[in-house]
Amino acid sequence: MMINLRHSAHEVSRRLADRVESVCLRLLPGGTRKGAEWLTGDVQGGPGQSLKVQLSGEHAGRWRDWAEEGRHGDLLDLWAAARGIPLAEAFREAKEYLGMLGPEPATASSRQYQAPPVREQAGVIPVAEDGVVMRYLQLQRGLDPAVVRRFGVEGLPSAGALVFPCHAPDGTLVNRSYRTVPGTNESGLGARKRVWQDAGCAPSLFGWQALPKSAWEKRTVLLCEGQIDAMTWTQWGVPALSVPNGTGAAWIDHEWDQLELFDHIYLSFDMDGAGAENANRVMQRLGRHRCLLVKLPHKDANECLLEGCTADDAEHWIAQARPPQIHKLLLGQELHQRLMSELEPKPEPFTLDFLRVAWPHQGFYFRPYELTVWTGAYGQGKSTFLNFVALNILSQLSQTGVFMASMEMRAESTLRRLTTTYFQEPATPSHAVTFLEKFGTRLVFADVVGYISQDMLLEMMMFSFQRHGVQHFIVDSLMRVDGLEEEFAEQGRFMNRLQEFAKETGAHVHLVAHPRKSASGQRQDRLEIKGSSLIANNADNIVAVSRNPEKDALRRDNKLTPLQDASLHDTEIRVEKQRENGWLGMVPLRFFPRSSWYERAS
């Protein structure tokens, strides 16, 4: 997927500050360096030292003309002032200077629009201080006449309508929006609400003419749905612009260069489903990283004003505005409670007695939220050892269930082996009854022999977790999951799904993964796992199960003496990877074939 990287004004300003002295030489060549400042007389580089640009430190790139009040900013502001050009043009030039000017974004519009008709031709007149329009906005909408005048609201008597002139940031009139004023017969204005714009004109934002200088300096503005809402926010002291009605997203294309200059854009759209959808579409286009969602107690800003809300309330809503939620993306400060929980001493999780050394730093443990890959050559005892692990889980953890998907063996055969191991003698019917009475409700089997699909397996696992409280899941083996045998990329995706399952449920997943073929008698490790390297990389733990190759060689050659048989271990459990505590090691075991029981070798 190609990413369209849009450079923010903040980023451009920061990069200019990285080369601040070069920028000063370019914009103010008549200035001189004195200590950590660049000095000149004014933004045109005239004689004097009243304009100072900071060359180093945390304020590098900030400047102020001490002879002219209010003349200050960052290097992007200085670029516009020194070159005598609009900020949007300075932004483009600065990006070109920095080598950041890539291809035009897909949002850029090349459509040509016509100018709106002149006032006389349109029939538009100024709003009288005591006229119907001003009375409506003041008495029924709660707006201060000074705010109405600041936005230049006019009237269209022939249609009984409000007129909202839409200007470009440089003051050029580019469009007008009209809205009939709901009134009575006595008012002489239309009772039915209707909105429209001058035909063929640019779909522009309303309010540029009223935007204070502070909005540009702070690179911060609020967008809302409705001209009256924009005036309401402005009355509360929050610089605001209104999106035009009925233009879809065409206004973004037209206003792209201007909006690109704002690092923080508050969105205060109607508090209903349609408003949420519109806000989401706008965020997708403008960039979620710079948008903050404002939540209101009523449908829109003007309704809040009419319900008695004040500028203090508006300040609180702005302070509480939050960026949109990105799934699974969190700030560190949002993890405070989880971090505190993580720092608490953890109880020792389940493990086998012969794998325990010294919790938590030594030994091997079956921690929740983890995935263990079990490997080992054919016939080395992986499945038998996992049966032993499952039986110990059931015996030691009275509230924990075990899910077993052994696609290489029928469920009843696995159950027979578990029963045999539990009683340490060949299973009988009476043994089976006792075993099922004790463990039958905590053992869940995937009754599948051969192959199983990923979706079916994971559905079984989730159901077993939710319905039966299973916390340990044994999948034997990876190559019995349909479609994975030769598909390395798919193996990686399956490992990711198992990891997601473990992290979501807090369960421990045991996965058998066969090794590549190797020379007879060689010990195999995690690098020998057959298939994608993602199997080993995505596992939290890797444990290899193997016979003792030296003892096997003696037995195969009929050279094993009774003394050697008693002294040499039968099985090796090698911890090849353990992400949490890093402990690795080999544990030698004695194996009793008649009962499939294991004990630590002395």
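None of the values given here were measured: they were computed from a predicted structure.

Considerations on the overall build of the protein
(1) Moving on: In terms of helices and strands, the protein carries 22 helices and 25 strands.
(2) Moving on: In terms of overall size, the protein is more extended than a compact globule, its C-alpha atoms giving a radius of gyration of 37 Å where 602 residues would be expected to give roughly 25 Å.
(3) Moving on: Taken over 602 residues, the protein has a buried fraction of 48%.
(4) Moving on: Long-range contacts, defined here as pairs at least 24 residues apart, represent 63% of the contacts in the protein between residues at least 6 apart.
(5) Moving on: Counting every atom, the protein has about 30800 Å² of accessible surface; 51% of that belongs to carbon and sulfur.
(6) Moving on: Each charge class in the protein can be summarised by its mean position, and for the 67 positive and 73 negative side chains these summaries are 5 Å apart.

A short note on the nonpolar core
Grouped burial of nonpolar side chains is what soluble globular proteins tend to show.
(1) Moving on: If you look at the biggest cluster of nonpolar residues, it comprises 52 residues, and the most contacted ones within it are Leu16, Val53, Leu223, Leu267 and Leu286.
(2) Moving on: Within the second largest apolar cluster, 39 residues are counted, among which are Val133, Val147, Phe151 and Ala314.

Observations regarding the sheet that holds strand E4 (residues 63-65)
(1) Moving on: Strand order in the open sheet made by the 5 strands is E1-E2-E3-E4-E5, with antiparallel pairing throughout. Looking at which strands have only one partner, the edges of the open sheet turn out to be strand E1 (32-34) and strand E5 (72-73).
(2) Moving on: Where helix H3 (residues 75-83) meets the sheet, it contacts strand E3 (51-54), E4 and E5, and its direction lies at approximately 45° from that of E4.

Let's talk about helix H9 (residues 227-235)
(1) Moving on: Burial runs high along H9: 8 of the 9 residues are buried.
(2) Moving on: For H9, the set of buried residues is Gln227, Ile228, Asp229, Ala230, Met231, Thr232, Trp233 and Thr234.

Topic: the pairing of strand E25 (residues 597-600)
(1) Moving on: Of the pairings in the sheet, the one linking strand E24 (residues 585-592) to E25 comprises 4 bridges and is antiparallel in character. Bridge pairing links Phe592 to Trp597 in E25.
(2) Moving on: Count of turn residues in the E24/E25 antiparallel hairpin: 4 residues, of which Ser596 carries a positive phi of about 55°.

Quick word on the packing of H3 against helix H4 (residues 87-98)
(1) Moving on: Following both chains from N to C, one finds H3 and H4 inclined at 110°, their axes separated by 9 Å at the closest point. By the angle between their axes, H3 is roughly perpendicular relative to H4. As for how H3 packs across H4, the hand of that crossing is right-handed. Contact residues: H3 offers Leu76, Asp77, Trp79, Ala80 and Arg83, while H4 offers Leu87, Ala90, Phe91, Glu93, Ala94 and Tyr97.
(2) Moving on: Partitioning the contact of H3 with H4 into residue classes produces 8 nonpolar, no polar and 3 charged.

Regarding the pattern of salt bridges
(1) Moving on: Overall, the coordinates contain 32 salt bridges when judged by the stated rule.
(2) Moving on: Among the ionic pairs, Asp455 bridges to Arg497, the shortest N-O distance being 3.0 Å. One end of the pair, Asp455, is in helix H18 (residues 454-468); the other, Arg497, is in helix H19 (residues 488-505), and 42 residues separate them in sequence.
(3) Moving on: Note on Arg497: relative accessible area 32%, which makes it partly exposed.
(4) Moving on: Salt-bridge contacts for Asp540 lead to Lys503; the nearest nitrogen and oxygen are separated by 3.4 Å. In this pair, Asp540 is assigned in the loop between helix H20 (533-537) and strand E22 (541-547) and Lys503 in helix H19, connecting sequence segments 37 residues apart.
(5) Moving on: Taking the relative accessible area as the measure of exposure, Asp540 reaches 6% and is therefore buried.
(6) Moving on: Its relative accessible area of 40% is what places Lys503 among the partly exposed residues.
(7) Moving on: Within this structure, Arg547, Lys551, Asp552, Arg555, Asp565, Asp570 and Arg590 form a network of salt bridges that share partners.

Re unusual backbone geometry
(1) Moving on: Geometrically, the link from Trp359 to Pro360 is a cis peptide bond, its omega value of 5° lying close to zero.
(2) Moving on: Looking at the secondary structure, you find Pro360 in the loop between strand E15 (356-358) and strand E16 (362-363).
(3) Moving on: Here the bond from Asp476 into Ser477 is cis, since omega is 20°, no more than 30 degrees from zero.
(4) Moving on: Its location among the elements puts Ser477 in the loop between strand E20 (470-476) and H19.
(5) Moving on: A positive phi angle, close to 55°, is found at Asn558, a residue other than glycine.
(6) Moving on: Its location among the elements puts Asn558 in the loop between helix H21 (549-556) and helix H22 (562-567).
(7) Moving on: Residue classification places Asn558 among the exposed positions, given a relative accessible area of 74%.
(8) Moving on: Located in the positive-phi region is Ser596, a residue other than glycine, with phi close to 55°.
(9) Moving on: For Ser596, the location among the structural elements is in the loop between E24 and E25.

As for a nonpolar patch on the surface
(1) Moving on: On the surface, a nonpolar cluster with roughly 290 Å² of combined accessible area is contributed by Leu339, Met340 and Leu343.
(2) Moving on: Topologically, Leu339 is positioned in helix H14 (residues 336-343).
(3) Moving on: Its relative accessible area of 45% is what places Leu339 among the partly exposed residues.

Some words on the packing of helix H15 (residues 382-396) against helix H16 (residues 411-423)
Think of two packed helices as two axes; the pair is described by the angle between the axes and how far apart they sit.
(1) Moving on: The contact between H15 and H16 brings their axes to 10 Å, and the two run at 65°. Classified by the angle their axes make, H15 and H16 are roughly perpendicular. For the pair H15 and H16, the sense of crossing is right-handed. For the pair formed by H15 and H16, the contact residues are Thr384, Asn387, Phe388, Leu391 and Ser395 on the first element and Thr414, Arg417, Leu418, Thr421 and Tyr422 on the second.
(2) Moving on: Within the contact of H15 with H16, the residues separate by chemical class into 4 nonpolar, 5 polar and 1 charged.

Reading guide: rules and limits
- Residues numbered from 1 in each chain as written.
- Predicted model: local features only at pLDDT ≥ 70, side-chain atom pairs only at ≥ 80, totals over all residues.
- Heavy atoms only, no water.
- Helix = DSSP H or I, 4+ residues; strand = E, 2+ residues; numbered from the N terminus.
- Rg over C-alpha atoms; globule rule 2.2 N^0.38 Å.
- Buried < 20%, exposed > 50% of the residue type's maximum accessible area, 1.4 Å probe, protein only.
- Contact = heavy atoms within 4.5 Å.
- Areas by Shrake-Rupley, 256 points an atom, 1.4 Å probe, with all protein chains shown as cover.
- Lys, Arg positive; Asp, Glu negative; His and termini not counted.
- Charge placed at Lys NZ, Arg CZ, Asp CG, Glu CD.
- Core = buried A, V, L, I, M, F, W, Y, C linked by side-chain atoms within 4.5 Å.
- Pairing = 2+ DSSP bridges.
- Axes fitted to C-alpha atoms, helices over the stretch in contact; angles between N-to-C directions.
- Parallel < 35°, antiparallel > 145°, perpendicular 65-115°, else oblique.
- Left-handed = near helix turned anticlockwise from the far one by under 90°.
- Nonpolar A, V, L, I, M, F, W, Y, C, P; charged D, E, K, R; others polar.
- Salt bridge = Lys/Arg side-chain N within 4 Å of Asp/Glu carboxyl O.
- Patch = residues over 30% accessible without salt bridge, like charges linked within 9 Å, V, L, I, M, F, W, Y side chains within 5 Å.

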